[in-house]
Amino acid sequence: MSYQGKFRVWRGDDSGGGLEDFTVEVNEGEVVLDIIHRLQATQAPDLAVRWNCKAGKCGSCSAEVNGRPRLLCMTRMSIFEEAETITVTPMRTFPIIRDLVTDVSFNYTKAREVPSFQPPKDLAPGEYRMQQVDVERSQEFRKCIECFLCQNTCHVVRDHEENKEAFSGPRFLMRVAELEMHPLDTADRVDQAQDDHGLGYCNITKCCSEVCPEHIHITDNALIPMKERVADRKYDPIVWLGNKLFRRS
Amino acid sequence: MPELERHSFDVLVIGAGGAGLRAAIEAREHGLRTAVLCKSLFGKAHTVMAEGGIAAAMGNVNSSDSWQVHFRDTMRGGKFLNNWRMAELHAQEAPQRVWELETYGALFDRTKDGRISQRNFGGHEYPRLAHVGDRTGLELIRTLQQKIVSLQQEDFKETGDYEHRLRVFQEFTVTDLVKDGDRIAGAFGYWRESGRFVLFEAPAVILATGGIGKSFKVTSNSWEYTGDGHALALRAGASLINMEFIQFHPTGMVWPPSVKGILVTESVRGDGGVLRNSDGKRFMFDYIPEVFKDKYADNEEEADRWYTDQAGNRRPPELLPRDEVARAINSEVKEGRGSPHGGVFLDVSTRLPAEEIRRRLPSMHHQFKELADVDITAQPMEVGPTCHYVMGGVEVDPDTGSSSVPGLYAAGEVSGGMHGSNRLGGNSLSDLLVFGRRAGAGAAEYVRGLSDRPAIAEEAVTEARATALKPFQQEGGENPYTLHMELQQSMNDLVGIIRRAEEMDEALQRLEKLKERARSLSVEGHQQFNPGWHLALDLRNMLLVSECVARAALLRTESRGGHTRDDHPSMDAEWRRKLLVCAVSGDGVEVVEKPQIPIRSDLLDLFDRSELEKYLTAEELA
Amino acid sequence: MARAQIAARTLRTDRWWLPPLTTFAGLLLISIYAAFRTFQGDFYWVDQYHYLTPMYSPCLSEECVPAASHFGQPLPALPGFLTPPVVIIPFLLGFRITCYYYRKAYYRAAWASPPACAVAEPHAKYTGETRFPLIAQNLHRYFFYAASILLCVNIYDTVLAFGTGLGLGNLILLVNVSLLAAYTLSCHSCRHIAGGRLKHFSKHPVRYWMWTQVSKLNNRHMQLAWASLIFVCLTDLYVALVASETISDLRFIN
């Protein structure tokens, strides 16, 4: 059940590069990452690819297959025609290191900018009580495997490098939402979302949700609810009027 | 030669899984400047693969649970070979470590009264595993990662530098530890991205590198599991114990080939999944060993009743310790009653409603759907044993995680003793937390107590660099990928789940040849993100550790836990009193016997005498 | 550090341009129809069966057919080419334009921002919804309130029409308000107001239940947006055809 598959893989580094053609064996039940590994073992021993668990749980092998952001280990070869040429490229939004490996430090920088969980000060370990219905929303967001495909596909930074400063991206706006909805978090995260993490840049075009390998409803369950909370706070004309009249800030 | 990048820290933690991160948090909270060095990106460590949960006797679901019961279960699971002090500390401290995670922001599944929910698992007498669906490992890693970020934020507020006290060096490989006389002085390694070398000067190193599964062909372990910490410890002069004990998880995927070995969580069985052979028979009832007869049901009716009434019934045999289940599956397949792809059937679809399966086992549902095109709510899974965990590791002091080399610590899978001959499911995540914290504290105390910092001799650095660069200097030599495949095949076939003396002799001969060939490894290209080179360096570690495994396995002429000898099928109480210790000798290793420390009497009193008789010698019982 | 040099705007090999194109064509067609009907100013009321097209409801100005003004005529006759719907259209249009689904649809289809996932957008600058005018998208919930009132009016119209008997028109009006109700209730703002803003569901079981129900509808928000939009046009068309006596209503009772 094996055949010779045609592949085009981007090879190069920050000084330049391009698509290289390969013909390589493909067997039944394989995923794109298997093919990349076969290339390493047989034709291109120094082909750089980042991977780890190979089961869609760690989010390391993010790249783009035929132009679509995907995990290489979760992209089964059976979704392609045998005659099709499959193009594998690195994530576009992040600086290239080499071949399929990009520098994802943007994400770690943004992660640090989200203030951490703040439990009530007087609550001792072992005394935390939370109801299942209250943790479920945040639990959905904590399914995130940090593959950064949402960050990669989001046009706000993908097409506009200059927005990286102001915009934290879906992953970290979702992290803000996760903490905001955490039943025991005491911090106020609504203004932060808009002012520090650039929630307003999101125009809810849902590409983040489309590419999420964990099928997290990033837009519907995290981003839009945060926008609504911001609207509660900032764009409620009654509140706004009250603040004007009574000079609260 | 480009200038060497140098850093100085108080504590180096090698590995960023659960144990490494917990150790780093502890060392930092003791006020020490700490670095975490990890081969993958921060937050991708193999701990994310853990599914079932964290074992801790919190008694939230069944209030009869206590640390004593957990201790008993752990000792039974390990067939009494465990380091009892570690098992004791582990059982006592696990609840604290889990509660602590909640203060870091973890969100476990809840009970009705709002406490942490706990689930049943193989070998645990009561529902004991704190969990989040079937992605507990991910929750653990993310929580610890976020705690580290929060500590960095505190440091930023104080000093304006996020990395003032705690810095993560990701995608970094340590190739050698550097010593000053007897004691640890630092570590040498390279950035995987650029291939540039770095020297860390530090008086204490905590190894938290996980396991050795990548030496085997069918494994649930990721590429990182090349036994780096085991090998670093050996080369630094420390010893490994219990290396013959390797846990083959009974349920790994067997099809498609590219995912062969990937784990199918034990929770599938804990939540009602049953194992059947090709005749449709629930075969586990035929494999209940004598020592477990009073705890496990011998008929389907009682086993099924157990899911709703655990007090009045014995447990289903699917929940026997992992070694028993793995052996049972192995023999069903050998006797021709296997599934089409060489496993057996694990079925949860006829046992729970589809909605319930999706809720309780979301990532299993996802994994089978996406990788094997199998809908587990409607079809059985095909599963078979997969190399999962090494019980053996660095011999450490239970209380501090210190090895025999001053300044060298180990925690988590890379350390040995805690799990004896077989680890219970759920005990690894709690192990990481309990002993990660202890190693962090132990290293901190050690550093505090030093009167002078160790110095690094330049020759050591030159030598480490030369060793690392050697594969580039040789042209037309061996291909690391080929060598790796041969090693995996040999270990799988000859030192795998069922072992024989002749086969292990052959394994040792093959290892000798592989070692010989590994001297002439050569890699193409340059140092920048070069997977061929990375593998060439990892191979050195895998070969060294594999030799320990094979030598120890050959010596131990009994079957116990994760070590099954076809030629010595029974357990021998005399062997329980002996540990096999592996240390470097010449360019290989040697394994010697060492007496096991007797179990403290008050801990022995936790067991019935009739049970102890199954494990201990008459002399010990007297 | 630079990004990988890949010249192509996208390497997608599927027909990624088809969904935005379809969306654009659909929205354009409906807009043209709605504009035509709005400014036609006629055939919105079937006196015999009391059918009032939702596009003209409520009919509040003095040029309305008196019987169609269920809520009186508080407004004077509108000047020039203006017709009764211009009073309510800002609210209806406002609700749809600021709707989280439609935003996605037209940002992609009409503004190509982005045209499809992982396809580069043609704009040099992007500020999203951070400044005027797009910051006004945050007013969605007020349009939701307005749309809810208009929905009630439509329901009232529908119930009233049953007073004359039962015809196909009644059923069409009924389906129409059902779809409008489902679309309105499935709105993200509604979901937020129903319970989404709460931190502790467990303390508000009734609102949690409401949130759960709205969430189920919300999963179908896109489908409901299209179904209700198309059906409003069909309803209007039916009323217009009957009112202009082009066809006659199919009657079951009376």
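Residues numbered from 1 in each chain as written. Chains lettered and ligands numbered in written order. Predicted model: local features only at pLDDT ≥ 70, side-chain atom pairs only at ≥ 80, totals over all residues.

### Things to note about the overall build of chain A
Across its full length, chain A carries 10 helices and seven strands. Summarising its shape, the C-alpha atoms of chain A cover approximately 70 × 40 × 30 Å along the three principal directions. Within the span of chain A, comprising 249 residues, buried residues form 60% of the whole. In chain A, 62% of the contacts between residues at least 6 apart in sequence involve partners at least 24 apart. (Helix = DSSP H or I, 4+ residues; strand = E, 2+ residues; numbered from the N terminus. Buried ≥ 20, exposed ≤ 12 C-beta atoms within 10 Å, placed from the backbone. Contact = placed C-beta atoms within 7 Å.)

### Quick notes on the pairing of strand β4 (residues 68-71) of chain A
All names here are of chain A. Judged by which residues are buried, β4 turns out to be covered on both faces: Arg68 and Arg70 on one side and Pro69 and Leu71 on the other are all buried. Pairing between strand β3 (residues 62-65) and β4: four bridges, direction antiparallel. Paired with valine 65 across the strands is arginine 68, a residue of β4. The turn linking β3 back onto β4 is made up of two residues, and asparagine 66 within it adopts a positive phi angle of 45°. (Pairing = 2+ DSSP bridges.)

### Overview of the sheet that holds strand β6 (residues 129-130) of chain B
Within a sheet, each strand pairs with its neighbour through backbone hydrogen bonds, oriented either parallel or antiparallel. All names here are of chain B. Ordered by their spatial adjacency, three strands build an open sheet running β4-β6-β5, and the pairing between neighbours is antiparallel. With one partner strand each, in any of the chains shown, β4 (54-55) and β5 (118-119) form the two edges of the open sheet. Summarising the sheet, β5 and β6 pair through two bridges and their orientation is antiparallel. Bridge pairing in β6 links arginine 119 to leucine 129.

### What to know about the nonpolar core
If you look at the biggest cluster of nonpolar residues, it comprises 312 residues, and the most contacted ones within it are A:Leu173, B:Val11, B:Leu12, B:Val13, B:Val205, B:Ile206 and B:Leu207. Top element by residues in this core is helix α15 (residues 531-555) of chain B. It accounts for 15 residues. (Core = buried A, V, L, I, M, F, W, Y, C linked by C-beta atoms within 7 Å.)

### Observations regarding the packing of helix α5 (residues 228-236) of chain B against α15(B)
Residue and element names in this part refer to chain B. Close contact between α5 and α15 brings their axes to 8 Å; oriented N to C, the two are set at 75°. Overall, the two elements α5 and α15 adopt an arrangement that is roughly perpendicular. For the pair α5 and α15, contact is made by Asp228, His230, Ala231 and Leu234 and by Asn541, Leu544 and Val545, respectively. (Axes fitted to C-alpha atoms, helices over the stretch in contact; angles between N-to-C directions. Parallel < 35°, antiparallel > 145°, perpendicular 65-115°, else oblique.)

### A short note on the domain arrangement of chain A
All names here are of chain A. With domains assigned, chain A is organised as domain 1 (3-102) and domain 2 (105-238). Contact residues are listed per partner, giving 12 residues for domain 1 and 13 residues for domain 2. Residues of the side of domain 1 that touches domain 2, tallied by class, amount to six nonpolar, four polar and two charged. (Domains from an automatic or database assignment. Nonpolar A, V, L, I, M, F, W, Y, C, P; charged D, E, K, R; others polar.)

### Observations concerning the interface of chain A and chain B
Across the contact, 47 residues belong to chain A and 51 residues belong to chain B. Breaking the side of chain A that touches chain B down by element, the ones donating at least two residues are α1 (32-42), β6 (96-98), α2 (105-112) and α3 (132-141) of chain A. When residues of the side of chain A that touches chain B are assigned to their parent elements, the largest contribution, four residues, is made by α3(A). In terms of residue class, the side of chain A that touches chain B is built from 21 nonpolar, 14 polar and 12 charged.

### With respect to helix α10 (residues 362-372) of chain B
All names here are of chain B. Buried residues of α10: Met364, His365, His366, Gln367, Phe368, Leu371 and Ala372, and no others. On its buried side, α10 packs onto β13 (246-253), α6 (267-270), α9 (354-360) and β16 (381-390). Following α10 by one or two positions, aspartate 373 adopts a phi angle in the positive range, close to 60°.

### What about the interface of chain A and chain C?
The interface is formed by 46 residues belonging to chain A together with 40 residues belonging to chain C. Elements with a contribution of two residues or more to the side of chain A that touches chain C: β1 (3-13), β2 (16-26), β4, β5 (85-89), α3, α5 (155-158), α8 (207-211) and α9 (218-234) of chain A. Ranked by residues supplied to the side of chain A that touches chain C, first place goes to α9(A) with seven residues.

### Examining the sheet that holds strand β9 (residues 183-191) of chain B
All names here are of chain B. Read across the sheet, four strands follow the order β1-β10-β9-β8 without closing on themselves; strand pairing throughout is mixed. Looking along the sheet, the strands with just one partner apiece sit at the ends: β1 (5-8) and β8 (172-180). Adjacent strand axes in the sheet meet at a mean angle of 25°, parallel and antiparallel pairs treated alike. Across five bridges, the pairing between β9 and strand β10 (residues 197-201) is antiparallel.

### Digging into the pairing of strand β21 (residues 588-595) of chain B
Residues and elements named next belong to chain B. Where strand β20 (residues 578-585) meets β21, eight bridges bridge the pair, whose relative direction is antiparallel. Across the sheet, residue leucine 580 finds its bridge partner in β21, namely glutamate 593. What sits between β20 and β21 in their antiparallel hairpin is a turn of two residues, with glycine 586 showing a positive phi close to 60°.

### Considerations on the UniProt feature "transmembrane region" (unreviewed entry) in chain C
Those residues carrying the UniProt feature "transmembrane region" (unreviewed entry) are residues 16-36, 81-102, 142-162, 168-187 and 224-244 of chain C in this numbering. When the span residues 168-187 of chain C is considered, its composition is 90% helix and 0% strand, and the gap between its end C-alpha atoms is 29 Å. (UniProt positions renumbered as here; feature names shortened; annotations may be inferred.)

### Describing the packing of helix α2 (residues 67-77) of chain B against helix α3 (residues 84-104) of chain B
Any two packed helices are characterised by the angle at which their axes cross and by the distance between the axes. Residues and elements named next belong to chain B. Look at α2 against α3: their axes get within 8 Å of each other, and the N-to-C directions meet at 140°. With respect to α3, the axis of α2 lies oblique. The chirality of how α2 crosses α3 is right-handed. Judged by residue contacts, Trp67, His70, Phe71, Thr74 and Met75 of α2 engage Trp84, Ala87, Glu88, His90, Ala91 and Gln92 from α3. Grouping the constituent residues of the contact of α2 with α3 by class yields six nonpolar, four polar and one charged. (Left-handed = near helix turned anticlockwise from the far one by under 90°.)

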